[in-house]
Amino acid sequence: MRSRVAAALLVAGALASLPAWSRQTPDAGSPFSGRVIEEPSPAPAGSAEPFLLVDRAGQVRLSWLEPGDGGGFRFRLSGLRGTTWSAPVTIAEGPALLANWADVPSIFTTSGGTLAAHWLERGPGRGAYGIRVATSTDDGATWSDAVTPHRDQAPAEHGFAAFFEAPGTGALGLVWLDGRLVAERGREGSMTLRSTTIARGEPGEDTVVDLRVCDCCPTAAVRTDRGVLVAYRDRGTDEVRDIAVSRLVDGRWTPPVPVARDGWRLDACPVNGPAVAAIGRAVAVAWFTLGSDATPRTRVAFSTDGGETFGAPIDVHAGVPYGRLALAMLDPDRVLVSSIERATDGAAIVVREVRRNGRTSDLVTVARTVPGRTSGFPRLVASGRRVWFAWTDVREGAPTQVRLASARMR
C-alpha cells in the first residue's frame, strides 16, 4: 500500500505556529453560534492518529497512538464525562503495534453497549501486517483477548478497516483492504475489499465485497434502516479510481456501484478515502477527487433510500482541497464536512455545512496545519448541538500532539 502513494497529493507545506481559534471570528454565514473553541486534550505530547466516536448515549470518546515506555506504541482511549475527559486506558501496546499516518486504529460501539477497537500489528515478511480486534463490556476498563478477523496466512497487507453492526444478528462486523492476492500473484494480483463478522469472540468466514480496489485509501461503513453500507475508492481495470458503495442486504453484499462518475484516472493510490454518515434511510458520502479534468474537488452526495441511489454530487470546496475528509450528519438533509485545504501560510482544517438542496454555509477554519503526512486525518463528530474536532497538531521543533476543539451549532 505504501509504495503506491501519489506524491503529488502529499505536497509538503509550511506550518503556521498559532492555531486558528486564537484569532478567529465567526463568518456571517457560519453554521456555529460562536467561535471554534480550543478544548483540553487527554492525549500527551508525542500523540498522533486520533479517532473520534459518539456512542448511542451521546458520549464522546477519543482514541490515539502515543509512544510506549519501552519502545513501540500504545493505543489509548478516553471518554468525555460532562466537561472532563476520563483517565486514559490502554487498549493495546508493544513493539509489534504499527503506527501509520493514514491507516489509523479505530473505536466503535454496538447498540448493546459493547465497545470495540481495531489496530494493526506487524506480521512475518517485509511489509506484512494484520488487523487485531478487541472488545470491552465494561466501558473500556478491561478488554478481551485480541482476535484477527482475516483467516488467511498470507504474508500480506491487511488494513484500512471500518466497523459496522450486522443487521438482525447484532454481531460486530468489519470491512478491510486485503492484500492476499497481491502476495500470491504479484503484479497479477489486486487489493480486495473483504468483510466478516465477529460473534462471541470468534471471527466468521470472510466474504469478498470487491475484487479490485484502491490499495491504500481508507474505507467507511455505516448502518442505515436498509442495511449496512460501505464506501471505498474503487479501482477499475482502466485505473479509474472513483468512489463506490456496496450494501449488506439480507446477509449479502450488493454489486458495487459508483456514487458519482468522476473519471479520476490514476496509476497510483491517492491515500484519500470517503467519509459516510447516515440517519435512518438518509445517507451522505463525502470524498476528494481530481476528476477527469485534474481539478481538485471536495464533493458530497446525498441518498434518501439507504444508499441504493445518490443525487448529483455537490462541490463544496472553497479553495484548493487536499482531501482527508470527515463527515457528521446533523439531520437527514444536512451534514458538516471537514477537510484540509491550501492556505496562504500552509494548510488549514476547514469545515462547512452542506444541505441536500445544495446550499452551503460559509467556510470556517478550525486550525492551521500542514499538508504533508504528519498532520494525518482530522476527525469530526456531532453530539447533540455540540461538534467536536480532533487532529494531530504539527509544529516545527515540537512533538506532535492530538488537539481538540468544539463549537455549538446555531
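Preceding this section is the structure that the text describes.
Residues numbered from 1 in each chain as written. Predicted model: local features only at pLDDT ≥ 70, side-chain atom pairs only at ≥ 80, totals over all residues. Heavy atoms only, no water.

*Asks:* Give a description of the packing of aromatic side chains that names residues and reports values.
*Replies:* Any aromatic ring pair is given by two values, namely how distant the centres are and how the planes are angled relative to each other. In this structure the tally under the stated criterion is seven aromatic pairs. Look at Trp85 and Trp388: their rings are 5.9 Å apart centre to centre, the planes differ by 85 degrees, and that puts the pair in the edge-to-face class. Residue Trp85 is found in strand 5 (residues 84-85), and its partner Trp388 is found in strand 29 (residues 386-393); the two are separated by 303 residues along the sequence. Across the pair, exposure class does not vary: Trp85 and Trp388 are buried alike. Between Trp101 and Phe377 the ring centres are 5.8 Å apart and the planes differ by 35 degrees, which places this aromatic pair in the tilted class. Of the two residues, Trp101 sits in the loop between strand 6 (89-94) and strand 7 (106-109) while Phe377 sits in the loop between strand 27 (364-369) and strand 28 (379-383), which places them 276 residues apart along the sequence. In terms of burial, Trp101 and Phe377 fall into one category: buried. (Phe/Tyr/Trp six-rings, centres within 6.5 Å; stacked < 30°, edge-to-face > 60°. Helix = DSSP H or I, 4+ residues; strand = E, 2+ residues; numbered from the N terminus. Buried < 20%, exposed > 50% of the residue type's maximum accessible area, 1.4 Å probe, protein only.)

*Asks:* Break down the state of the cysteines for me, with residues and values.
*Replies:* Applying the stated rule across the entire model yields zero disulfides. Free of any disulfide, Cys214 has its nearest neighbouring cysteine sulfur in Cys269, separated by 3.6 Å. On the basis of relative accessible area, Cys214 is assigned to the buried category, the value being 1%. A relative accessible area of 0% means that Cys269 is categorised as buried. (Disulfide = S-S within 2.5 Å.)

*Asks:* Before we move on, can you summarise the environment of Ala117 with the specific residues and values?
*Replies:* Relative to the assigned elements, Ala117 resides in strand 8 (residues 115-122). Overall, Ala117 belongs to the buried group, its relative accessible area being 0%. Taking C-alpha positions, Ala117 is 28 Å from Arg408, a pair spaced 291 residues apart along the chain. What Ala117 contacts, discounting residues up to four positions off in sequence, is Phe75, Ile91, Ser106, Ile107, Arg132, Val133, Ala134, Trp143 and Phe163. (Contact = heavy atoms within 4.5 Å.)

*Asks:* Lay out the sheet that holds strand 26 (residues 346-355) with the relevant residues and their values.
*Replies:* Strand order in the open sheet made by the four strands is 24-25-26-27, with antiparallel pairing throughout. With partners counted over all chains shown, the strands left at the sheet margins are strand 24 (321-331) and strand 27, one partner each. Between one strand and the next, the sheet's axes are offset by a mean angle of 20 degrees, whatever the strand orientation. Pairing of strand 26 with strand 27, which is carried by five bridges, proceeds in the antiparallel orientation. Paired with Val351 across the two strands is Val364, which belongs to strand 27. (Pairing = 2+ DSSP bridges. Axes fitted to C-alpha atoms, helices over the stretch in contact; angles between N-to-C directions.)

*Asks:* Talk me through the sheet that holds strand 22 (residues 297-303); I want residue IDs and the actual numbers.
*Replies:* Taking strand neighbours across the sheet as the criterion, the four strands line up as 20-21-22-23 in an open arrangement whose pairing is antiparallel. Both edges of this open sheet fall to strand 20 (275-279) and strand 23 (314-315), since each of them pairs with a single strand only.

*Asks:* So what's going on with the pattern of salt bridges? Which residues, and what values?
*Replies:* Applying the stated criterion across every chain, the model contains 31 salt bridges. A salt bridge links Arg226 to Glu308; its shortest N-O distance comes to 3.2 Å. Taken as a pair, Arg226 in the loop between strand 15 (220-224) and strand 16 (227-233) and Glu308 in the loop between strand 22 and strand 23 lie far apart in primary sequence, 82 residues in all. Exposure remark for Glu308: the relative accessible area of 39% places this residue in the partly exposed category. Here Asp262 ties to Arg299 by a salt bridge, and the two come within 2.6 Å at their closest N and O atoms. Taken as a pair, Asp262 in the loop between strand 19 (257-258) and strand 20 and Arg299 in strand 22 lie far apart in primary sequence, 37 residues in all. The residues Asp262 and Arg299 share a single accessibility class, namely buried. Linked through salt bridges whose partners overlap, the residues forming this network are Glu66, Asp69, Arg74, Arg76 and Glu93. (Salt bridge = Lys/Arg side-chain N within 4 Å of Asp/Glu carboxyl O.)

*Asks:* Tell me about unusual backbone geometry, and name the residues and values.
*Replies:* With a phi close to 55 degrees, Glu49 is a non-glycine residue in the positive phi region. Tracing the backbone through its elements, the reader meets Glu49 in strand 2 (residues 48-54). The backbone phi angle of Glu239 is positive, close to 70 degrees, even though this residue is not glycine. Among the secondary structure elements, Glu239 is positioned in the loop between strand 16 and strand 17 (243-249).

*Asks:* Quick one: what's the story with the nonpolar core, residue by residue and with numbers?
*Replies:* By size, the foremost hydrophobic cluster in this structure holds 26 residues, and its most contacted members are Phe164, Val175, Leu193, Val230 and Trp253. Contributing elements (two or more residues each) for this core: strand 10 (158-165), strand 11 (172-178), strand 16 and strand 17. In contact with Trp253, other than residues within four places in its own chain, are Phe164, Val175, Ser195, Thr207, Val209, Val228, Val230, Ser246, Arg247 and Leu248. (Core = buried A, V, L, I, M, F, W, Y, C linked by side-chain atoms within 4.5 Å.)

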